[in-house]
Amino acid sequence: MGQIVLKDVVKKFGDTEVIPPLNLTIEEGEFAVFVGPSGCGKSTLLRLIAGLEDTTEGQVLIDGEDMTEVSPSKRGLAMVFQSYALYPHMTVRKNIAFPMRMAGMSEDEQNIRIEAAAKSLNLTDYLDRKPGQLSGGQRQRVAIGRAIVREPSAFLFDEPLSNLDAALRVGMRLEISEMHKRLKTTMIYVTHDQVEAMTMADRIVVLQAGVIEQVGTPLELYHSPRNKFVAGFIGSPKMNLLEGAEAQKHKAHTIGIRPEHIKVSTKAVKGAWKGTVGVAEHLGSDTFIHIHGVEGCDPMTVRAAGDVAVKHGDKVYLTPEKSQIHKFDEAGLRI
Amino acid sequence: MSSRRLPRLLQAPAVILLLFWMLVPLGMTLFFSFIRYVLASLNRPEWTTPSIDNWRGFGNYAFVLDSKDFLFAIQNSLLIVGGILFLTVFFGVMIAVLINKVFPGQGIVRVLLISPFFIMPAVNAVLWINMILDPVLGLNGLAIEGINSVIASMRDAPVVGWFFSLWPEFKPISFRATQTSAYAVIMMVTWQWTPFAVLIFMTSLQSEDEQQKEAAILDGAGKWSQFRFLTLPHLARPMAIVVMIQAIFHLSLYAEIEIVSRGNGNKNLPYLIGEFANNNIGAASATGIFAVILANIVAIFLLRAVGKTLME
Amino acid sequence: MAIVAQTSKLGIYGRPALAWIVALVFFFPIFWLILTSFKTDADAVKPEFLFFFTPTLDNYLNMTENYDYWRFATNSVVTSVLATGVALFVGIPAAYAMAFNPARHTKDILMWMLSTKMLPAAAVLYPMTFLAKSLGIFDTHFAVILVLTLVNLPIVVWMLFTYFKEIPKDIIEAGQMDGVNTWGEIKEILIPLAWGGIASTALLCFIFCWNEAYWTVRLTTTEAATLSKLIEGNRAPEGLFFGRLSAVSAAAVGPIVVLGWFCQKQLVQGLTFGAVK
Ligand SMILES: Nc1ncnc2c1ncn2[C@@H]1O[C@H](COP(=O)(O)OP(=O)(O)OP(=O)(O)O)[C@@H](O)[C@H]1O
Ligand SMILES: [Mg+2]
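Just so it is clear, the structure is predicted and the values come from calculations on it, not from any experiment. (Residues numbered from 1 in each chain as written. Chains lettered and ligands numbered in written order. Predicted model: local features only at pLDDT ≥ 70, side-chain atom pairs only at ≥ 80, totals over all residues. Heavy atoms only, no water.)

Novice: Any chance you could break down the overall build of chain C for me, citing the residues and the numbers?
Specialist: Regarding its fold elements, chain C presents 15 helices and 0 strands. Projecting the C-alpha coordinates of chain C onto the three principal axes gives extents of approximately 75 × 70 × 35 Å. Residues classed as buried in chain C amount to 59% of the 277 residues present. A fraction of 75% describes how many contacts in chain C between residues 6 or more apart in sequence connect residues 24 or more apart. Of the roughly 11000 Å² that chain C leaves accessible, carbon and sulfur atoms contribute 69%. (Helix = DSSP H or I, 4+ residues; strand = E, 2+ residues; numbered from the N terminus. Buried < 20%, exposed > 50% of the residue type's maximum accessible area, 1.4 Å probe, protein only. Contact = heavy atoms within 4.5 Å. Areas by Shrake-Rupley, 256 points an atom, 1.4 Å probe, with all protein chains shown as cover.)

Novice: Provide a residue-level description of the confidence of the model for chain C, including the pertinent values.
Specialist: Residues and elements named next belong to chain C. For chain C, the mean per-residue pLDDT works out to 84, and 91% of the residues sit at or above 70. When mean pLDDT is taken per element in chain C, helix α5 (residues 69-100) scores highest with 93 and helix α1 (residues 2-6) scores lowest with 46. Confidence drops under pLDDT 50 across residues 1-5; counting only partners more than four residues distant or on other chains, this segment forms 3 contacts. Per the prediction output, this complex has pTM 0.84; the corresponding ipTM is 0.84. (pLDDT = per-residue confidence, 0-100.)

Novice: Explain the sheet that holds strand β13 (residues 262-265) of chain A to me, and be specific about the residues and the numbers.
Specialist: All names here are of chain A. In space, the 5 strands of this open sheet follow the order β13-β17-β14-β15-β16, with antiparallel pairing throughout. Edge positions in the sheet fall to β13 and β16 (300-305), since each has one partner strand and no second. Across the sheet, the axes of successive neighbouring strands diverge by a mean angle of 45 degrees, strand direction being ignored. Bridge count for strand β14 (residues 273-282) against strand β17 (residues 315-320) is 4 bridges, and the pairing is antiparallel. In the sheet register, K274 faces β17, and the bridge partner there is Y317. (Pairing = 2+ DSSP bridges. Axes fitted to C-alpha atoms, helices over the stretch in contact; angles between N-to-C directions.)

Novice: I'd like to hear about the side chain of T91 of chain A, residue by residue, with values.
Specialist: All names here are of chain A. Within the fold, T91 resides in the loop between β6 (77-80) and α2 (92-102). The exposure class assigned to T91 is buried, which follows from its relative accessible area of 17%. Ignoring sequence-local partners within four residues, the contact set of T91 consists of L127, D128, R129 and K130.

Novice: Tell me about the side chain of H180 of chain A, and please be specific about residues and values.
Specialist: Counting through the fold element by element, H180 of chain A comes out in helix α5 (residues 166-183). Apart from the residues within four sequence positions on either side, H180 of chain A is in contact with G29, E30, F31, T185, M187 and D202 of chain A.

Novice: Kindly report on the site of ligand 1, identifying the contributing residues and their values.
Specialist: Residues and elements named next belong to chain A. Close to ligand 1 lie F13, V18, S38, G39, C40, G41, K42, S43, T44, E159 and H192, which account for all nearby residues. The contact in question runs from an oxygen atom of ligand 1 to an N or O atom on the backbone of G41, over 3.0 Å. Between ligand 1 and S43 there is a distance of 2.5 Å, counted from an oxygen atom to a side-chain nitrogen or oxygen. When isolated, ligand 1 has an accessible area of 630 Å², and the protein chains bury 56% of it. With 3 residues, helix α1 (residues 42-50) is the single largest residue contributor to the shell around ligand 1. For the shell around ligand 1, a count of residues per class yields 3 nonpolar, 6 polar and 2 charged. (Near = heavy atom within 4 Å. Polar contact = N/O pair within 3.5 Å; in protein donor to acceptor, adjacent residues only side chain to side chain. Nonpolar A, V, L, I, M, F, W, Y, C, P; charged D, E, K, R; others polar.)

Novice: Describe the packing of α5 of chain C against helix α10 (residues 182-193) of chain C, naming the residues involved and giving the relevant values.
Specialist: Residue and element names in this part refer to chain C. Remark: α5 packs on α10, axes separated minimally by 12 Å, with the N-to-C direction vectors making an angle of 95 degrees. Between α5 and α10, the angle is such that the two are roughly perpendicular. Each of I92, Y96 and F100 in α5 lies in contact with α10, whose residues at this interface are T182, E185, I186 and L190. In the contact of α5 with α10, the residues fall into 5 nonpolar, 1 polar and 1 charged. (Parallel < 35°, antiparallel > 145°, perpendicular 65-115°, else oblique.)

Novice: Give me the sheet that holds strand β7 (residues 154-158) of chain A: which residues, what numbers.
Specialist: All names here are of chain A. Reading across the sheet, the 6 strands line up as β6-β7-β8-β3-β9-β10 and stay open at both edges, with mixed pairing between neighbours. A single partner strand is all that each edge strand has here, and the edge strands are β6 and β10 (211-216). Between one strand and the next, the sheet's axes are offset by a mean angle of 15 degrees, whatever the strand orientation. Here α1 sits on the sheet and contacts β3 (31-35), β6, β7, β8 (186-190) and β9 (203-208); the angle it forms with β7, its principal contact strand, is near 150 degrees.

Novice: Break down a negative patch on the surface for me, citing the residues and quoting the values.
Specialist: All names here are of chain A. Together, E27, E28, D63, E65, D66 and E69 make up a region of like negative charge exposed at the surface. The residue D63 is located in the loop between β4 (57-62) and β5 (65-66) in this model. Classification of D63 by relative accessible area gives partly exposed; the value is 34%. (Patch = residues over 30% accessible without salt bridge, like charges linked within 9 Å, V, L, I, M, F, W, Y side chains within 5 Å. Salt bridge = Lys/Arg side-chain N within 4 Å of Asp/Glu carboxyl O. Lys, Arg positive; Asp, Glu negative; His and termini not counted. Charge placed at Lys NZ, Arg CZ, Asp CG, Glu CD.)

Novice: Kindly report on the environment of K7 of chain A, identifying the contributing residues and their values.
Specialist: Residue and element names in this part refer to chain A. Following the sequence through the fold, K7 ends up in strand β1 (residues 4-13). The sequence separation of K7 and K228 amounts to 221 residues, and the corresponding C-alpha distance is 26 Å. Those residues in contact with K7, other than ones at most four positions away along the chain, are L22, N23, G58, Q59 and L61.

Novice: Please provide a residue-by-residue account of the pairing of strand β2 (residues 16-26) of chain A, values included.
Specialist: All names here are of chain A. Bridging between β1 and β2 involves 7 bridges; their strand directions are antiparallel. Across the sheet, residue K11 finds its bridge partner in β2, namely I19. In sequence, β1 turns back onto β2 through a hairpin of 2 residues, with G14 there showing a positive phi of about 65 degrees.

Novice: Just give me the short version of the interface of chain C and chain B, but keep the residues and values in it.
Specialist: Facing the 103 residues of chain C at the interface are 101 residues of chain B. Both faces considered, chain C and chain B share a buried interface measuring about 9300 Å² in area, 79% of it formed by carbon and sulfur atoms. Put simply, chain C and chain B have 0 salt bridges between them. Across the chain C-chain B interface, the total number found is 9 residue pairs in polar contact (both at pLDDT 80 or more). Ranked by residue count, the leading element in the side of chain C that touches chain B is helix α2 (residues 9-37) of chain C, at 16 residues. In the side of chain C that touches chain B, the residues fall into 76 nonpolar, 17 polar and 10 charged. (Buried area = accessible area lost by both parts, 1.4 Å probe.)

Novice: Kindly report on the packing of aromatic side chains, identifying the contributing residues and their values.
Specialist: Under the criterion given, the structure shown has 32 aromatic pairs over all chains. Summarising the aromatic geometry, the rings of F117 of chain B and F196 of chain B are spaced 5.6 Å apart at their centres and angled 20 degrees between planes, so their arrangement reads as stacked. Here F117 of chain B is found in the loop between α5 (106-114) and α6 (121-132), whereas its partner F196 of chain B is found in helix α9 (residues 178-206), with 79 residues between them in sequence. Overall, F117 of chain B belongs to the buried group, its relative accessible area being 9%. Directly above the aromatic system of F72 of chain C lies the positively charged group of R71 of chain C, at a separation of 4.9 Å from the ring centroid. One Lys or Arg, K133 of chain C, reaches over the ring of F138 of chain C and ends 4.7 Å from the middle of that ring. (Phe/Tyr/Trp six-rings, centres within 6.5 Å; stacked < 30°, edge-to-face > 60°. Lys NZ or Arg CZ within 6 Å of the ring centre and 35° of its normal.)

Novice: Now, about the domain arrangement of chain A: what can you tell me, with residues and values included?
Specialist: All names here are of chain A. The domains assigned to chain A are domain 1 (4-232) and domain 2 (259-328). On a C-alpha basis, the centres of domain 1 and domain 2 stand 39 Å from each other. Domain 1 puts 6 residues into the contact, and the matching count from domain 2 is 4 residues. Looking at the side of domain 1 facing domain 2, the largest losses of area belong to Y222, H223 and K228, adding up to 70% of the total buried there. Scanning the region where domain 1 abuts domain 2 turns up 1 residue pair in polar contact (both at pLDDT 80 or more). Secondary structure elements with two or more residues in the side of domain 1 that touches domain 2: α7 (218-223) and α8 (228-233). Of the residues contributing to the side of domain 1 that touches domain 2, the split by class is 3 nonpolar, 2 polar and 1 charged. (Domains from an automatic or database assignment.)

Structure representation (structure tokens):
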């Protein structure tokens, strides 16, 4: 239960093609994360799977069955929305019961599942409140509760945590990951948060302008990005990309080096890149240093572990780890 | 495609009903306007039923354009609509600005002010033309009769009597003549629709930018400048909407004219159509088409103004 | 705040005073109508009894004898309630479809609906009379209800549309994911959520139906005649019956004026098609 296949799916809004022909298979039980810049079609793709948008061309298969023409209510999927989309006129209990009531489940069975879901989501005390009387995190949990009780063949999440504050986000992230480990149900998760993508995903799908740039495990994407776009998109702070003479030395059009793979020193080092500190961001655990004046890349970002005592205007010398240099050809593809 | 078809079909009943409502009667009017169709015609009995054989081309239009009633009705329509529009917008802005600030009893004042708007047009007309404006028996006549009798009694009073004997006898204005009854209509409709303008302007004033006003005060703007350069421009859009909505309602004003003016020669376009429709259906229909054209000119502007804001 | 200090004495006392005066002037005709309704027909036209007279309830007690008031009132209630009901029944699905499943032409359809409202009634007077008579529905409740429904349908759809549009689309979609069909979306989610808006739309539609004074006058004679027709038929300039005419007029408008007080806000939205908020 829970394999999802997109076959030559095309989506147009009027004349603009948002998703050009796209093929993707999400395996049963997999936690797949869609990432990509704003407007690249992540939500659209998710909504195509849900059936909330009609495909212009192509097919959506769920467990091998063609669901392209099936209404969202009959696809057996559950969705958690960024805005939570709770029914404001119903209590938490009624909200959670709603999909089961629509499915014609018996009251007893409904109650058993509500209690179980409420317990696992820490909602037991709030069952008789209306959504308006809950905090953002509680609302999000209700939305998740509403999704799990119907035991869907897959969960779809569209940026479910982006309305929460940072601390809550971390907590909820763990809860969802744990839920996935427990339920082993397919989950598709849309986000543009790096950390969420890297920590939660079994596989990440990187999208740009409706096109899949790369599909792979988080570490695959980190270590061997297929092209410049993925290289720049995965990892934070962003990978530094250098063109020109420095790249020529490596027989590439462009080379990339992640900020954490550069050593910084205030003393002169032979063969190192030279630059001047623009801004140094001291985070305590790390220091992000933005450096001007390096040929082919301005500014260059370096991430140094611990607190490094540099300040604006300091001259610094940068040594990249040779083994961590990524090479790209003229078309931006990995060499 | 698939999952959206049913939901979209749900608008069909409303669309079909309105399509029917618009096309069938209007089509008939258009057809009648091109044929000779007279309900009571002794020497041409074939004209008493609608038939394509009685084709008259633009004859009815020519007939209507030639009749002096038509020109008068158009003029009067415009006079009445124009008068009402000017007065309601003027009073509307003044009153809205007046009661926009919080003061004791504001709620009651609002309720009192809005009430006229809910009076049914027939009652409005009967109330005004009879009980208020009638030169003999209405408040108009009664009050003036009362004043006259007070003056008359004062003439015999000692000391000041000479002063009152200089006063003429007051005469109430009659609102039953052709032209004055148009004024009566303007008066009663203005009374009824000023509350509407007030309500809309007030709603709009509540969304006025207070910070902008405070900035203006700091810049040294006086009360008048604030009103002239901030409030009035802010009200421009609601004013346009008030004007156009009212224009559409008042171009088809009927009950008031019917009650106030029956038989005294005062008429507007809808009333003229009603008169024609008693016998000469061809002419009534041609007049109707003119009315549609007139309304459409106004409607186009309204649709533009409304459409823009609503669909974004 | 410094701004408060600017307000002069005149502003503090003058503004409320002026506002009250204006309000009383505007309310005066209604007050006068009510006052006259408590005078006998004879007292109503005597200058000496302008404000001081012996009040009587006879005008109200005799409304049935004098005017057959309840028959007209019943017609008004029946036609207004049913027309409102039908308009909502047709309007809710339509507005739902347009708000949540817009197609390319939805905007044009809405605009077109609005434009039918601008068709001058007088232009189609004769065809309507002709149709009603040839279909045998002239002077029937059915004809009045049909016309009132059609006349108000555009406003009903527009108002509902503006209310529905304020409901987040996500909630409807959540419903779809939770397994409701189209009917369920309307019944389980839309109607409970937009209940307030639907009620105000109904109220406003009812008021418009009640006050309608063109078709109710021209398409009825006796059987289906409403209060508008009753008053229009008794415009009596002779002034013999001012007392009783006032009473029946007050009874005709009273309920609606009170209803109107409750939906001032909605009135603005409804009459400006949501363009002023
Ligand atoms: N209903 C629609 N009509 C027309 N264009 C649309 C519609 N919905 C989305 N689009 C367009 O499709 C593209 C993809 O939108 P989508 O919402 O899928 O982006 P996204 O990747 O989810 O972005 P974000 O991260 O900002 O949520 C955008 O360019 C958007 O403008
Ligand atoms: Mg999105």
